[in-house]
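Tertiary structure, described
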Amino acid sequence: MNDINFKLRKELTGKIPELLKCFQCGTCVSSCPAEKYGKAFSPRRKILAALYGDEKIINKELWKCVTCNSCNERCPQDVNPYKVLIKLKNYAIKNNLVEESLKDQEQLVKKTGFAIPITDRANRQREKLGLKKLNNIKILEDFSIEHEEKNKE
Ligand code: SF4
Ligand code: SF4
C-alpha cells in the first residue's frame, strides 16, 4: 500500500462514512466468492484502499464483486461492505476509471445499484434461508443510496 492520499481519503470517508467503522477484522472475506477467484480482490482490502485514498488499488479488480451480499450478513461492524463497494464502483464510474470491457456492467450498476440485479427468484431463495428481502437500488449524485432503509430491514 502506498502513502495515504489524505485528499481522496477525506472525500471518500465524507461520502461513505461507513468506511470509518471498519476495523479490518476480515470476517467479510471468509465467504466472499469474488475473493476466492480474484487475487487482488477482497472487500476488506478495498475498504483499506479507500481509507488510504489509493485510487489505483480501489479500482483494481473492483468489478469482481458480484454483489452477493454475504459480506453484509457477516460484518460485525455494520459497515455494509457490499454497499460500500457499490459506492466505490459509482466513484469509479464518475471518474472514468471503468475499463471499456465493463461498460455493460457499469450501466446495470447505474440502473439497479447491482452488477447482477436482484430478481424475484433470488429473493425467494433468500426467504427460504431466512434472509431479508433485497431491493434494487439507485445511487444518487452524492453517493447515497435510494431505498437504503428498505434493504436494512
Ligand atoms: S467490513 Fe466489516 S467484516 Fe469486513 S473487515 Fe471491515 S469490519 Fe471486518
Ligand atoms: S457482495 Fe461482493 S464483496 Fe461482498 S461477499 Fe459478495 S462478492 Fe464478496
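Preceding block: the structure.
Residues numbered from 1 in each chain as written. Chains lettered and ligands numbered in written order. Predicted model: local features only at pLDDT ≥ 70, side-chain atom pairs only at ≥ 80, totals over all residues. Heavy atoms only, no water.

**Side note on the overall build of the protein**
When its secondary structure is counted, the protein shows nine helices and two strands. Secondary structure elements of the protein, listed N to C terminal, follow the sequence α-α-α-α-α-α-α-α-β-β-α. Within the protein, contacts between residues at least 6 apart in sequence are counted, and of these 59% link residues at least 24 apart. Element-wise, carbon and sulfur atoms account for 50% of the exposed surface of the protein, whose accessible area totals about 8700 Å². (Helix = DSSP H or I, 4+ residues; strand = E, 2+ residues; numbered from the N terminus. Contact = heavy atoms within 4.5 Å. Areas by Shrake-Rupley, 256 points an atom, 1.4 Å probe, with all protein chains shown as cover.)

**Topic: the site of ligand 2**
Not every one of the 13 residues close to ligand 2 is listed here, only the nearest: C32, C65, C68, C71 and L85. Within the residue set of the shell around ligand 2, elements represented by two or more residues are α5 (70-74) and α6 (81-94). Considering only residue class, the shell around ligand 2 consists of 10 nonpolar, three polar and no charged. (Near = heavy atom within 4 Å. Nonpolar A, V, L, I, M, F, W, Y, C, P; charged D, E, K, R; others polar.)

**Section: the nonpolar core**
Counting 27 residues, the largest nonpolar core has L12, L19, I47, W63, V84 and L88 as the members making the most contacts within it. For this core, the secondary-structure elements that each account for two or more residues are α1 (6-15), α3 (43-52) and α6. With six residues, the top contributor of residues to this core is α6. In this structure, L19 is in contact with L12, T13, I47, A50, L51 and V84, ignoring residues within four places of it in sequence. (Core = buried A, V, L, I, M, F, W, Y, C linked by side-chain atoms within 4.5 Å. Buried < 20%, exposed > 50% of the residue type's maximum accessible area, 1.4 Å probe, protein only.)

**Some remarks on the site of ligand 1**
Surrounding ligand 1, one finds 14 residues, the nearest of these being C22, C25, G26, C28 and C75. In the shell around ligand 1, the residues fall into nine nonpolar, four polar and one charged.

**Some words on the packing of α3 against α6**
Remark: α3 packs on α6, axes separated minimally by 10 Å, with the N-to-C direction vectors making an angle of 55°. Accordingly, the angle class assigned to the pair α3 and α6 is oblique. In the crossing of α3 with α6, the sense of the turn from one axis to the other is left-handed. The segment α3 lies against α6, with P43, K46, I47 and A50 engaging P81, V84, L85 and L88. (Axes fitted to C-alpha atoms, helices over the stretch in contact; angles between N-to-C directions. Parallel < 35°, antiparallel > 145°, perpendicular 65-115°, else oblique. Left-handed = near helix turned anticlockwise from the far one by under 90°.)

**Describing the side chain of K89**
Position of K89 relative to the elements: it lies in helix α6. Beyond its immediate chain neighbours, meaning those up to four positions away, K89 contacts L62, W63, C65, T67, V109 and A115.

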